[in-house]
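Structural overview
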Amino acid sequence: MSGAGGWSPVREPRHPRPPEIGGAKRVTAFMCLARVHALSAAGDAMIAVALADSLFFSVDADAARSRVLLYLFLTLTPFAVVAPLIGPAVDRAPGGRRLLTVLLNAGRTITAFFMIGNLASGLLFPLAFAVLVLGKGYAVAKASVVPATARSETELVHRNSRLAVLGGVAALLGGIPAWLIQRYVGSDWVMGVAAAVFLGSCVLALRLPRADAAAGADRVEASEAAGGIRRFGIRLAASGTAVLRGVLGFMTFLVAFGLRDDALWQVYLVGAFAMIGVLSGSAVAARMSSGAREESILQIMLVVPALVSLLAIWDGGLKGAIVVALVVGLAASAGKVAFDSVVQRDAPNADYGRSFGRFETRFQLSWVVGAALAVIPMSLRLGFILITLFLAAAVVLHLVGAENVRRGQPPPSLPRRLPERWHRRPGRDDHAAPESPSTGSSPPGSPSPPAASDPSESP
C-alpha cells in the first residue's frame, strides 16, 4: 500500500499472527533488509582493511599522502555514475529498488573476486573504483527501501538508526577477522571472504519487498501541490549533514597523518573510539526521536562537536583526538540518520532514488574536501581549531535557516531545479504554508494545478 506522500507503509494484516508459530519466528520485511545490510557492511569493512594496507600503511608518509589523494579522487568519481544513472534507475525500474539491490550486491561479489591477486597490480584502482560505484549505489537503493518496511513516518528514525547500528556492528565483526586474516594469511584471502559475504547479501536481497516507486506516483502527483518550504527544509538538513561529513573526513586523516609516525597503535585507538561514536550516534538518534523532530536532532549534533573540539584545543594531543573522534563520529552518525528520515518523510516516493543519489554525491564531496585538507601537514591543535570554526559557522547558518522554515519563509534564492514531483502532504508540518482551496481539495485523479498557483511556490 502506497501512502499519499514520501513514505510507503507496509500492508499489515488485520489480525497479525503471533511472533512465533510452531517454533518458527516470522521474518518481516525489515528483518530481511537488516540481514542484507549487515552482510553488506561486513563485506565493505573487509575490503577497506585490505585496501588500507595496500594504500596507506605499507608505504612511507610522503607516498601515503599522494596515494590518499588519488584514493580520495576515486571515492568521488563513482558519484558521476550514481547520481545520474543509479538513482533514477532505482525509481523507474519495475521492482527497481529490490532488483537494484540484488544486482549491485552481485556486482560487488564479482568485483571482490577479481580483486584476488590484483592488490599489487595496475588493476587495483579500476577495481577499487568499481567496488566504490557499486557500494554507493547500494546505499541509495537501501535508503529507498527503508520506507517500505515502516508502518508510519514516526518509525523512520528508528528504522534508520537500527540499520546504522547494525551496519556498524557488522563492520566491526567483519573488520576484526579481516585484519587477522590479512596479517597472518594475506590480503587475497580477505578479498575471497568478502566475495562470499557479498554473495550471501545478494541471495538474501531476493526476499526484500518490491517497494516500487511507480505504484503510487501518479496518484500522488494528482492530489498534492508542490511545497517550497518542504524542499528548503530538506536542503537545510542536507547542508548540516554535509558539514558533519566533511568534519568526519577531516578528522579521520588528521589523526591518521598526525599520529602514524608516533605510534601506530594510537591511530587504531582513535579509530576505535570513532567507531564507538558512530555506533552510539545511531542509538542516540533513535532515543532522541521520541521527544525531538529530526531537524532538532541535527541542530544538536552540530552544536555538541563544536563545543567539544573547542575544549580539545587546550590538550592538542592524543586525549583531545580521542574525545573529538568519539563525538564527531557520534554526531555524524546521528545527523545522517536524521537526514535520511527527513528525506524519507518529506520527499515523494517516486523521487527517493534521485534524492538520495544527489545528496549522497554532495556528502561524499564534503568528505573528500575535508579529508584533502587534512593531507596538508598540520598539528592536531590546529586541526581542532579548524573543526571548531567550521562547525560554529554551520551552527549559525543552520539556526538562521531553521528560523526561516519555522516562519514558513524560505529565502528568495531558493533553487527551483528539484524534480516536479515534490509535493506537500495535507496534515503534515505545522510550519508549512497553508494550502489554497484549489490545491488542498483536488479530488484523486484530477489534473494538478500549475505550480505558480501554489502559494508555497511564491517568494
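Note on numbering: residues in each chain are counted from 1, in written sequence order. Where totals are concerned, whole chains, interfaces and linings use all residues; where local detail is concerned, this predicted model gives features only for residues with pLDDT of at least 70, and gives and counts side-chain atom pairs only at 80 or more. Hydrogens and waters are ignored; side-chain quantities use all the structure's heavy atoms.

1. Some words on the overall build of the chain
Looking only at helices and strands, one finds 15 helices and 2 strands in the chain. We call a residue buried when its accessible area falls under 20% of the maximum for its residue type, exposed when it is over 50%, and partly exposed in between, using a 1.4 Å probe and counting protein chains only. Residues classed as buried in the chain amount to 54% of the 459 residues present. When checking whether two residues touch, look at their non-hydrogen atoms; a contact exists if any pair is within 4.5 Å. Taking the intrachain contacts of the chain between residues at least 6 apart in sequence as the baseline, contacts between residues at least 24 apart amount to 86%. Each accessible area is a Shrake-Rupley estimate made with a 1.4 Å probe; only the visible protein chains count as cover when residues are assessed. Only carbon and sulfur atoms are counted for the fraction: they give 67% of the accessible area of the chain, which is about 20,000 Å². Secondary structure counts use DSSP, requiring at least four H or I residues in a row for a helix and at least two E residues in a row for a strand, with both numbered from the N terminus.

2. Concerning the environment of Leu380
Looking at the secondary structure, you find Leu380 in helix α14 (residues 380-407). The exposure class assigned to Leu380 is buried, which follows from its relative accessible area of 9%.

3. Observations concerning the packing of helix α6 (residues 156-184) against helix α12 (residues 318-346)
The axes used here are C-alpha line fits, helices contributing only the stretch in contact, and every angle between their N-to-C directions lies in the interval 0 to 180 degrees. Across the interface, α6 lies against α12 with an axial gap of 9 Å and an inter-helix angle of 135°. On the basis of their axis angle, the class for α6 and α12 is oblique. As α6 runs across α12, the sense of the crossing is right-handed. Across the interface between the two elements, Leu156, Val157, Asn160, Ser161 and Ala164 from α6 touch Val337, Asp340, Ser341, Gln344 and Arg345 from α12. For the contact of α6 with α12, the per-class residue count stands at 4 nonpolar, 4 polar and 2 charged. Small angles under 35 degrees read as roughly parallel and large ones over 145 as roughly antiparallel, with 65 to 115 read as roughly perpendicular and the rest as oblique. Two helices cross in a left-handed way if the nearer one is turned anticlockwise from the farther one by less than a right angle. They cross in a right-handed way if the turn is clockwise. Here the term charged refers only to Asp, Glu, Lys and Arg, the term nonpolar to Ala, Val, Leu, Ile, Met, Phe, Trp, Tyr, Cys and Pro, and the term polar to all other amino acids, Gly among them.

4. A few points about the confidence of the model for the chain
What pLDDT conveys is the predictor's confidence in a given residue, as a value from 0 to 100. Of all residues in the chain, 69% attain a pLDDT of 70 or more, and the chain-wide mean is 75. The spread of mean pLDDT over the elements of the chain runs between strand β1 (residues 20-21), the lowest at 36, and helix α11 (residues 294-312), the highest at 92. Under a pLDDT of 50 for its full length, residues 7-24 has, in the predicted model, 30 contacts with residues more than four places off or in other chains. With pLDDT under 50 throughout, residues 214-226 is counted as low confidence; its partners more than four residues away or in other chains account for 35 contacts.

5. Here's the deal with the pattern of salt bridges
By definition, a salt bridge exists where a carboxyl oxygen of Asp or Glu is found within 4 Å of a side-chain nitrogen of Lys or Arg. Within this structure, the stated rule accounts for 6 salt bridges. The closest approach of N and O atoms between Arg108 and Asp44, which form a salt bridge, is 2.6 Å. Here Arg108, found in helix α4 (residues 96-114), pairs with Asp44, found in helix α1 (residues 29-57); they are 64 residues apart in sequence, far enough to count as distant. A relative accessible area of 0% places Arg108 in the buried class. Asp44 sits in the partly exposed class, given a relative accessible area of 33%. Ionic pairing is found between Arg345 and Glu295, a salt bridge with its closest N-O pair at 2.7 Å. Of this pair, Arg345 sits in helix α12 while Glu295 is found in helix α11, placing the two residues 50 residues apart along the sequence. With relative accessibility at 2%, the residue Arg345 sits in the buried group.

6. Brief notes about the side chain of Arg159
Mapping Arg159 onto the fold places it in helix α6. According to the relative accessible area criterion, Arg159 is buried, its value standing at 11%. Counted as a polar contact is a pair of N or O atoms within 3.5 Å, where, for protein atoms, one must be capable of donating a hydrogen and the other of accepting one, and residues adjacent in sequence contribute only when both atoms are in side chains. For Arg159, the side chain forms a polar contact with the main-chain oxygen of Thr149, separated by 3.3 Å. Once you skip the residues sitting within four places of it in the chain, Arg159 turns out to touch Phe30, Val146, Thr149, Ala150 and Arg151.

7. Some thoughts on the packing of α6 against helix α10 (residues 264-288)
Describing two packed helices takes the angle between their axes plus the distance from one axis to the other. Where α6 meets α10, the closest approach of the two axes is 7 Å, and the angle between their N-to-C directions is 155°. The orientation of α6 with respect to α10, classified from their angle, is roughly antiparallel. As α6 runs across α10, the sense of the crossing is left-handed. The segment α6 lies against α10, with Val157, His158, Ser161, Ala164, Val165, Gly168, Val169 and Trp179 engaging Tyr268, Met275, Leu279, Ser282, Ala283, Ala285 and Ala286. Class assignment for the residues of the contact of α6 with α10 results in 11 nonpolar, 4 polar and no charged.

8. Concerning the nonpolar core
Ranked by size, the top nonpolar core spans 60 residues in total, and within it Leu244, Met251, Phe253, Val324, Phe339 and Phe384 carry the most contacts. Counting only elements with at least two residues in this core, the list comes to α2 (61-76), α5 (124-145), α9 (228-259), α10, α11, α12, α13 (352-375) and α14. Counting residues per element, this core draws most heavily on α12, which supplies 14 residues. With near-sequence residues (within four places) excluded, Met251 lies in contact with Ala321, Val324, Ala325, Phe384 and Ile387. Residues belong to one nonpolar core when they are buried, are Ala, Val, Leu, Ile, Met, Phe, Trp, Tyr or Cys, and are joined through side-chain atoms within 4.5 Å.

9. Overview of a nonpolar patch on the surface
A cluster of nonpolar side chains, namely Leu172, Ile176, Trp179, Leu180, Tyr184, Val185, Trp189, Leu264 and Tyr268, defines an oily patch on the protein surface of about 940 Å² accessible area. Elements that contribute at least two residues to the nonpolar patch include exactly α6 and α10. Here the nonpolar patch takes 5 residues from α6, the largest share from any one element. Note that Tyr268 resides in helix α10. A patch consists of residues whose relative accessible area exceeds 30% and which take part in no salt bridge; residues with like charges are grouped when within 9 Å of each other, and nonpolar side chains (Val, Leu, Ile, Met, Phe, Trp, Tyr) when within 5 Å.

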